[in-house]
Amino acid sequence: MTMDGILQGIRSAVAEAREKVPLVPSVTNTVTINFVANAQLAVGGSAAMVYLPDEGRSMAEVGAAMYINMGTILPIYEETLPETARVLHEQGKPWVLDPVGIGIGSLRERILCSFMQYKPAIIRCNASEAIALANLWRLESGREKDGVRGVDATDSVLEARRAAVALARWTGGAVAVSGERDLITDGRTTAFSTGGSALMPKITGTGCSLGGVAAVYAAVASPFLAAMTASAIYNLAGQRAEEKAKGPGSFQVQFLDELYLATPEDVAGNPLELEEEIG
Amino acid sequence: MTMDGILQGIRSAVAEAREKVPLVPSVTNTVTINFVANAQLAVGGSAAMVYLPDEGRSMAEVGAAMYINMGTILPIYEETLPETARVLHEQGKPWVLDPVGIGIGSLRERILCSFMQYKPAIIRCNASEAIALANLWRLESGREKDGVRGVDATDSVLEARRAAVALARWTGGAVAVSGERDLITDGRTTAFSTGGSALMPKITGTGCSLGGVAAVYAAVASPFLAAMTASAIYNLAGQRAEEKAKGPGSFQVQFLDELYLATPEDVAGNPLELEEEIG
Amino acid sequence: MTMDGILQGIRSAVAEAREKVPLVPSVTNTVTINFVANAQLAVGGSAAMVYLPDEGRSMAEVGAAMYINMGTILPIYEETLPETARVLHEQGKPWVLDPVGIGIGSLRERILCSFMQYKPAIIRCNASEAIALANLWRLESGREKDGVRGVDATDSVLEARRAAVALARWTGGAVAVSGERDLITDGRTTAFSTGGSALMPKITGTGCSLGGVAAVYAAVASPFLAAMTASAIYNLAGQRAEEKAKGPGSFQVQFLDELYLATPEDVAGNPLELEEEIG
């Protein structure tokens, strides 16, 4: 894919999400569920959140794409999540996985293991989560498994590059690793997206809602393009919001406004670099 | 009821909610639960949210009115919701139902069926949900049952008029159908409330929180007056918020401010039209 | 402890929370979970929320302190909460309890009873909840047990003083009773913190998030100092936010900004009075 083709693809993804208003349901955590829904609406999607097994299945059938975030998991997720992912996979629907919290709890681990066969179109995570997921799936991460400290990354994005490439090659989709410089890869080409704001980690849910927004774009573009578009609009909106914000409260308000106001040209104009993966 | 009587009733409802600070508990979805509580507080109510069966019963006993929203239902709701509605009905307490998500999932359908006998004082919904609920309760909707697309209405408010009238005649309460022009009916008189903003569907929870606010007014006014008051203050606050907002983030902040600042005169002055239902 | 020692301790707590970024997980209600996390981040902490028994245990082991709020409890909490509190107690980790909703429901009561032996470092509550918890634990509250009205206090802070002192003497930690004038006691010295805003009770979650912030400070200071620091920064941020807010929507945004912007000197400069408890 050439840079020109990618930029044209990003423009199209931003525009089409607004025109088509795709329904993109989620099973996501209660901490940031409101922010996820509002971010999805701001970029043009339609949101719906569920918890029960038959409702996950039903949403997988009617949705254009879906978002599964492992934050605050509930006992019923043992049935809901593998079943929902199975239907998505069978129907060839793109879905986005955020493996937040990998490493705490046994149900979480069992569910994440089951996802390996249902190949999420996009895995959205931080560096430590990418390494931990690659290790859980016994892929080549380049790093021994180590502990995860809550929801924060203790590894750098570049340390997770090998894990991200391995995950993308397994799923045949894309992996987006958030950091100061976001890494997005389809296993062959790796893109770096910059921008954002130091205030982004000072509010909860920028990562979660980025996953939800990537799912909206996955309804109208390929996984790799969708993940690059989502990272680009987040980096752009974060940078613009920071200019007008005085702290994390006003930053979040401004950030949703900027997601809503960003044009296809704006998003395609956010800095992006490409590198080819060898081997 | 004359227009003068209605406008006086609206003024009184807005003022009394602020004076009496009625406790109006909810069982509501996790997506917009914070917005529901904040909207209820902004118009003068006191909020409390629960999930467990004996806590639903307890809230039905101590609350002045109650709000049940079917968004993100949990397994325990199989016990909690019918039991809570039963106590509300037995004690003659007004309660507001938002049948969001009708059509996805079997537990959701069983619970909604059980509500028929416990007659909610107000049903707050969109056009497609009004038609689907009338069909589920085997009332005369004027339309065959059809699919529901997530949480969005695919029918217009006027297409749901017959269903809304049938529902209101069954419950003896009111039905409020949200749309560009809100329809509120008690089965004999139908009111149309206008205003609002194109940004309202770009944030999640304007419908849910409208139901929670209608429950606050139902604690101090008749179901029909309460539903008209809630629609009026929402249309007013939406219009005023839009003038100051730059996008959905600032719109939501401004909207809560406007709910809080609206006077009884302001709310009664929002455009309202009445039509009599025949037959 | 002298007033000078306390003010120095408050300065240190504010500064150290920002330097160390302690991980302070929570099990907390779905109504205000987002606000709790954002308030914890704004004062420098790192947040993580869970529901499941083994995840509560895991968080108790890796967290520097923890927050347990009894708002919207779920069936699984029967296992999660006593087990999490047990691990916290065994490991000598400070944890903050918010007994919101005490008096409604039997599971809630059983869990609160089990907490007596696991001695929370800080109990954060309103006046009615302090009295009800002291009665539940059969401590000397100075008041007969009476009903609790949803989440609102019907008693004044001074009426709860005896209960607060009794609770603090039992736990060996601190008790913070929120009101117009906040009371914080370790059972020997009682501090009164003033400021805040009449808009604070008009948004949901100022109490809950105060508990979450107290847990962040408990990771870097003694329970009594942590509770005083949390009350002081809340009273300061509330007062500052009110000056710029037009209603509850803009107040909440501004409040998070002010939490983020407050310096150690600012917080130590918020009005504080000390009284010795006799007997």
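Coordinates for the structure precede this section.
Residues numbered from 1 in each chain as written. Chains lettered and ligands numbered in written order. Predicted model: local features only at pLDDT ≥ 70, side-chain atom pairs only at ≥ 80, totals over all residues. Heavy atoms only, no water.

A. Spatial organisation of the interface of chain A and chain C. The interface of chain A with chain C comprises 28 residues on the first partner and 30 residues on the second. Counting each side, the surface lost to burial between chain A and chain C is near 2300 Å², with a carbon and sulfur contribution of 61%. Counting across the chain A and chain C interface gives 1 salt bridge. As a salt-bridge pair, Glu 55 of chain C and Arg 108 of chain A come within 2.7 Å of each other at their nearest N and O atoms. Applying the counting criterion to the chain A and chain C interface returns 9 residue pairs in polar contact (both at pLDDT 80 or more). By residue number, the principal contributor to the side of chain A that touches chain C is helix α10 (residues 248–261) of chain A, which donates 5 residues. Among the residues making up the side of chain A that touches chain C, the classes are represented as 12 nonpolar, 11 polar and 5 charged. (Contact = heavy atoms within 4.5 Å. Buried area = accessible area lost by both parts, 1.4 Å probe. Salt bridge = Lys/Arg side-chain N within 4 Å of Asp/Glu carboxyl O. Polar contact = N/O pair within 3.5 Å; in protein donor to acceptor, adjacent residues only side chain to side chain. Helix = DSSP H or I, 4+ residues; strand = E, 2+ residues; numbered from the N terminus. Nonpolar A, V, L, I, M, F, W, Y, C, P; charged D, E, K, R; others polar.)

B. Here's a closer look at the relation of the copies chain A and chain B. For the pair chain A and chain B, the superposition axis carries a translation of 0.0 Å, the fit reaches an RMSD of 0.0 Å, and the rotation angle comes to 120°. In short, the pair behaves as if placed about a three-fold rotation axis. Within chain A, Thr 30 of chain A has its C-alpha nearest the rotation axis, a separation of 3.6 Å. An asymmetric contact is evident, with only 10% of the interface residues of chain A recurring at the interface of chain B. (Least-squares fit on C-alpha atoms with pLDDT ≥ 70 in both.)

C. How the structure looks around the sheet that holds strand β7 (residues 189–193) of chain B. Strand order in the open sheet made by the 8 strands is β1-β2-β3-β4-β5-β6-β7-β8 (chain B), with mixed pairing throughout. Where the open sheet ends on each side, the last strands, each with one partner, are β1 (26–27) and β8 (272–276) of chain B. (Pairing = 2+ DSSP bridges.)

D. Layout of the side chain of Ser 26 of chain C. Residue and element names in this part refer to chain C. Within the secondary structure, Ser 26 is located in strand β1 (residues 26–27). On the basis of relative accessibility, which here comes to 0%, the residue Ser 26 falls in the buried class. Look past the residues within four positions of Ser 26 in its chain and what remains in contact with it is Val 36, Gln 40, Ala 48, Met 49, Val 50, Met 66 and Tyr 67. (Buried < 20%, exposed > 50% of the residue type's maximum accessible area, 1.4 Å probe, protein only.)

E. Region of interest: the packing of helix α3 (residues 53–62) of chain A against helix α4 (residues 77–90) of chain A. All names here are of chain A. Axis separation between α3 and α4 bottoms out at 8 Å; the angle between their running directions is 20°. Comparing their axes, α4 and α3 come out roughly parallel. Here the hand of the crossing between α3 and α4 comes out right-handed. On α4, the residues that touch Pro 53, Gly 56, Arg 57, Ala 60 and Glu 61 of α3 are Glu 79, Thr 80, Glu 83, Thr 84, Val 87 and Leu 88. In terms of residue class, the contact of α3 with α4 is built from 4 nonpolar, 3 polar and 4 charged. (Axes fitted to C-alpha atoms, helices over the stretch in contact; angles between N-to-C directions. Parallel < 35°, antiparallel > 145°, perpendicular 65-115°, else oblique. Left-handed = near helix turned anticlockwise from the far one by under 90°.)

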